[in-house]
Amino acid sequence: MSEPEQVVEHTEAPAAPEDDRGGLARGRRAVLAVVGGAALMAVGGLLATTLVKSPAQVAAETGPPAQGALTADVERRVLAQTVVMRGTVVADQSVAVTPQGVRSGEGTGAALVTKLPLKAGDPVTAGQLIAEVSGRPVFTLHGAQPMYRDLKPGATGDDVAQLQQALRELGHGTGGDAKGVFGAGTKAALAARYRAIGYEPLPAVADGGAALKSAREAVRSATWALEDASSPTGPVGAPAEGGSGKGGATPGPGATSSPGPSPDPGLRSGPGSGSGSGRELARARQALGEAQAALAAAEAADGPMLPTAETAFLGSFPARVSSVGARAGSPVAGPVLTLSGGELVVEAYLKDDKRQLLRAGMTVVISSELSGTDVRGTVAVVATERSAAQPAGPQPQQDPGQNPKGGGSGGTGGGGPDLGYRMVVRADQPLPAGFAGQDVRLTVESAATDGEALVVPVTAVSAGADGRTVVTAVSAEGTQRRIEVRTGTSGDGFVAVTPAQAGALAAGTKVVIGVAPRETRGKTK
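What counts, and at which threshold
- Residues numbered from 1 in each chain as written.
- Predicted model: local features only at pLDDT ≥ 70, side-chain atom pairs only at ≥ 80, totals over all residues.
- Heavy atoms only, no water.
- Core = buried A, V, L, I, M, F, W, Y, C linked by side-chain atoms within 4.5 Å.
- Buried < 20%, exposed > 50% of the residue type's maximum accessible area, 1.4 Å probe, protein only.
- Helix = DSSP H or I, 4+ residues; strand = E, 2+ residues; numbered from the N terminus.
- Contact = heavy atoms within 4.5 Å.
- Polar contact = N/O pair within 3.5 Å; in protein donor to acceptor, adjacent residues only side chain to side chain.
- Salt bridge = Lys/Arg side-chain N within 4 Å of Asp/Glu carboxyl O.

Before going further, it helps to examine the nonpolar core. Formed by 23 residues in total, the largest nonpolar core has its most connected members in Met85, Ile366, Met423, Leu431 and Leu442. Elements that contribute at least two residues to this core include exactly strand S3 (80–97), strand S12 (337–350), strand S13 (363–368), strand S14 (373–388), strand S15 (418–427) and strand S16 (439–448). Apart from the residues within four sequence positions on either side, methionine 85 is in contact with Ala348, Leu350, Lys354, Leu358, Met423, Val440, Arg441, Leu442 and Val444.

Next up on the list: the side chain of threonine 449. Relative to the assigned elements, threonine 449 resides in the loop between S16 and strand S17 (453–457). There is a polar contact of 2.8 Å between the side chain of threonine 449 and the backbone oxygen of glycine 451.

A separate point is the pattern of salt bridges. The full count for this structure, using the stated rule, is 16 salt bridges. As a salt-bridge pair, glutamate 75 and arginine 77 come within 3.1 Å of each other at their nearest N and O atoms. Look at arginine 77 and you get partly exposed, because its relative accessible area is 26%. Sharing partners across several salt bridges, the network here consists of Arg86, Glu369, Asp439 and Arg441.

Turning our attention to unusual backbone geometry. Residue proline 318 is bonded to the preceding phenylalanine 317 through a cis peptide linkage, with omega at 0 degrees. As for its placement among the helices and strands, proline 318 is situated in the loop between strand S10 (311–314) and strand S11 (319–324). We note that serine 134 has phi near 55 degrees; this positive angle belongs to a residue other than glycine. By the element assignment, serine 134 lies in the loop between strand S8 (129–133) and strand S9 (136–142). Phi angles above zero are rare outside glycine, and aspartate 492 is one such case at about 55 degrees. By the element assignment, aspartate 492 lies in the loop between strand S20 (480–491) and strand S21 (494–499). The class of aspartate 492 is exposed, set by a relative accessible area of 54%.

Written as structure tokens, this is what we have:
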């Protein structure tokens, strides 16, 4: 018989009611809420300890830090004092072309622009037509002297010599005219230049040739009068009135015969008649000489002229059109064109403080921010008088050395606002054409040491109660000692120093330049 089988009965516990499960969940939530609240209170306490400070703690945190020495190294280099300013790149010569008072063949009238063949930036050569005003040409010629008068036949002077040279450069010979004399050769050359640009020159005497015609008629009349006075059949060679010829005299009533030959009445009147004939001949000759002189003067004055309104002299070519101030059909109310010639220079205007520091011959660095280029140059001119801007309106032609803003070599002409003292800088090498019109930075070396020198920041130098100038050197161990020095050139916040005792100061030595917090001690700014 087998072992009795054990019977295990499994009984399942009865399910908990729904109300008991809900109570347990509410209990767990309550515990979590208590824990979260405690955590928030702990965090709030920590924040409160960081934000709430006692007065002593606030004073300790806001008080000044402990001070220490701020040092810099002594350098050995060339020290230059520099003056920095702005300048504008302009042409060496600028000519405003304002053809006022143009005289056409029909007379003088309001000047009207009738042709403008050029635009800004175009090149210009000598002898070129640059504009037409009221039907009359305006062209360029080579010359440094500004034109201040109309040049007519018979004129003399340096401006005439300049015109003759300009015409010869264009291939128009002036014949046998003397230098500076507007004669027949110069007239022919000027007429040829006008014909080359397609125009006829204006006559110097605007009477349609009446004066010349009158002078020629006067010479002809005087010539005829002299011929009449010299003719044997004229009044001089005719017998005297009342004579009877040689030996044919008839005594008048009551006359008594004389034994000798009687006087010839013609011979008696001859001396008087011969005297009158001599006077008439001399007068006729004098009148002819005067008429011939008047004709020569009329012929010398007749011919082409060069009006100031029809030409613009520039000192060098090729030039270029800087700006165009008018258009075809507009009246001339100011510069029609502005021409620039010569090399590019930099023009700046100085105030009183900088004027005292700068002079001609100083080295300059010309910096173009647009191209990123630096060019070295030299101060060429520093005016001794202030310049003023020109008022609006037509301006006179400028010569190469004149201030285009209206100051000449520094004068205050023009009546505009004060610009300061004009300074001109010339580059050592020609400036690129792209620099024209740019606003550039000028760094002028107004002073420099003679070779390398010991240099320290200006704040490192101090004067003691005994009047000695000293710097304070700091050793590697932190000890300080005062070294007497003599100061020299200063610039850009540095000064050259020479120790009173040779060898007392060397490059690399640290000198005190101020104070700083201890945590930055030994560091330099």
